[in-house]
Amino acid sequence: MKPETAADPVCTEALPSSALGGPVSHAVSRVARLHRMAAGKLLRGAGLYPGQEFVMMHLWDAGPVRQSELIKAVELDPSTVTKMLQRLEQAGHVRRCPDPGDRRAVLVEATEESCALHSAVQAAWANLEEHTLAGLDPDERRELTRLLGKVEQNLCVQTADCPGQPDRTSSTRSTSAAEL
């Protein structure tokens, strides 16, 4: 008799025993991982690695920025952003130069050559959106967006890492300490 093969752990619906207290958190983690994998496949067609599109999106919208500001904006480790910029620069998508206002600082900007990449990223994200939300009607899509916004705000406040909002580190820390 042939032994049964175990279900593929990537796509199984079983909740690990250690995650029984957090089924939603487990689901969000799984969805985020799968979403990133799907994005990676789509972005590969544009010659990008996952995460590089966020750097480019920021540069296309903001124009030239200091590398330190870019690192804060994309919320990634400085060494990761530096490696991304090296690859993007080698591909001709970004240019780095000294900041004329402070020669110690580096300005980063999207190149004219990156315009074609802009269209490819837009198409990849539109494709990703349709695959991600397939089977959801417009009302469900709006509700999912609304609920994810609330979840994002909860996590933002909890981590005191809310882009574009005042630093709440001291109040969040005292609240967390009081809850312990």
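This is a predicted model, so every value here is computed, not measured.

At Glu75, a position not held by glycine, the phi torsion is positive, near 55 degrees. Position of Glu75 among the secondary structure elements: in the loop between α3 (67-74) and α4 (78-90).

A few words on the side chain of Glu53. Residue position: Glu53 is located in helix α2 (residues 52-62). Although Glu53 is buried, it forms no salt bridge, and the closest oppositely charged side chain is Arg36 at an N-O distance of 6.1 Å. Other than its neighbours up to four places away in sequence, Glu53 contacts Leu43, Leu48, Val121 and Trp125.

Moving on, we come to the pairing of strand β2 (residues 94-99). Sheet analysis places β2 next to strand β3 (residues 102-110), joined by six bridges and oriented antiparallel. Looking across to β3, one finds that Pro98 is bridged to Val106. Taking the residues between adjacent antiparallel strands as the criterion, β2 and β3 are bridged by two residues.

Side chains that differ in charge, positive against negative, can pair when their charged atoms come close. Scanning the entire structure with this criterion turns up seven salt bridges. Close ionic contact of Asp139 with Arg142 constitutes a salt bridge, the shortest N to O distance being 2.3 Å. Here the residue Asp139 and the residue Arg142 both occupy positions in helix α6 (residues 138-159), the gap between them amounting to three residues, near one helical turn. We classify Asp139 as exposed; its relative accessible area is 53%. A salt bridge links Glu143 to Arg146, with the nearest nitrogen and oxygen atoms 2.7 Å apart. Here the residue Glu143 and the residue Arg146 both occupy positions in helix α6, the gap between them amounting to three residues, near one helical turn.

To continue, consider the packing of α2 against α4. Contact geometry for α2 and α4: axes closest at 10 Å, N-to-C directions at 75 degrees. On the basis of their axis angle, the class for α2 and α4 is roughly perpendicular. Of α4, the residues touching α2 (which contributes Gln52, Val55 and Met56) are Met84, Leu85, Arg87 and Leu88. By residue class, the composition of the contact of α2 with α4 is five nonpolar, one polar and one charged.

Residues Val55, Leu59, Leu70, Leu85 and Val94 are the most contacted members of the largest nonpolar core, which totals 21 residues. When sequence neighbours within four positions are dropped, the list of residues in contact with Leu70 reads Val55, His58, Leu59, Val65, Val81, Leu85 and Val108.

So, about the sheet that holds β2. Strands sit in the order β1-β3-β2 across an open sheet of three strands; the sheet is antiparallel. Of all the strands in the sheet, the pair left with one neighbour each is β1 (65-66) and β2. Sheet topology note: the β1/β3 ladder contains two bridges and is antiparallel. Its bridge partner lying in β3, Arg66 is registered against Leu107. Lying over the sheet, α2 contacts β1, β2 and β3, oriented at roughly 100 degrees with respect to β3.

Let's shift gears to the packing of aromatic side chains. Considering all chains together, one arrives at one aromatic pair under this definition. Seen in terms of ring centroids, Phe54 and Trp125 are 5.7 Å apart; in terms of plane orientation they differ by 70 degrees. Their pairing is edge-to-face. With Phe54 in helix α2 and Trp125 in helix α5 (residues 115-133), this residue pair connects regions lying 71 residues apart in the sequence. Residue Phe54 is classed as partly exposed on the basis of its relative accessible area, which comes to 39%. Judged by relative accessible area, Trp125 falls into the partly exposed class, the value being 24%. Its end group placed over the ring of Tyr49, Arg87 keeps NZ or CZ at 4.4 Å from the ring centre.

Each value, and the rule that gives it
Residues numbered from 1 in each chain as written. Predicted model: local features only at pLDDT ≥ 70, side-chain atom pairs only at ≥ 80, totals over all residues. Heavy atoms only, no water. Helix = DSSP H or I, 4+ residues; strand = E, 2+ residues; numbered from the N terminus. Buried < 20%, exposed > 50% of the residue type's maximum accessible area, 1.4 Å probe, protein only. Lys, Arg positive; Asp, Glu negative; His and termini not counted. Salt bridge = Lys/Arg side-chain N within 4 Å of Asp/Glu carboxyl O. Contact = heavy atoms within 4.5 Å. Pairing = 2+ DSSP bridges. Axes fitted to C-alpha atoms, helices over the stretch in contact; angles between N-to-C directions. Parallel < 35°, antiparallel > 145°, perpendicular 65-115°, else oblique. Nonpolar A, V, L, I, M, F, W, Y, C, P; charged D, E, K, R; others polar. Core = buried A, V, L, I, M, F, W, Y, C linked by side-chain atoms within 4.5 Å. Phe/Tyr/Trp six-rings, centres within 6.5 Å; stacked < 30°, edge-to-face > 60°. Lys NZ or Arg CZ within 6 Å of the ring centre and 35° of its normal.

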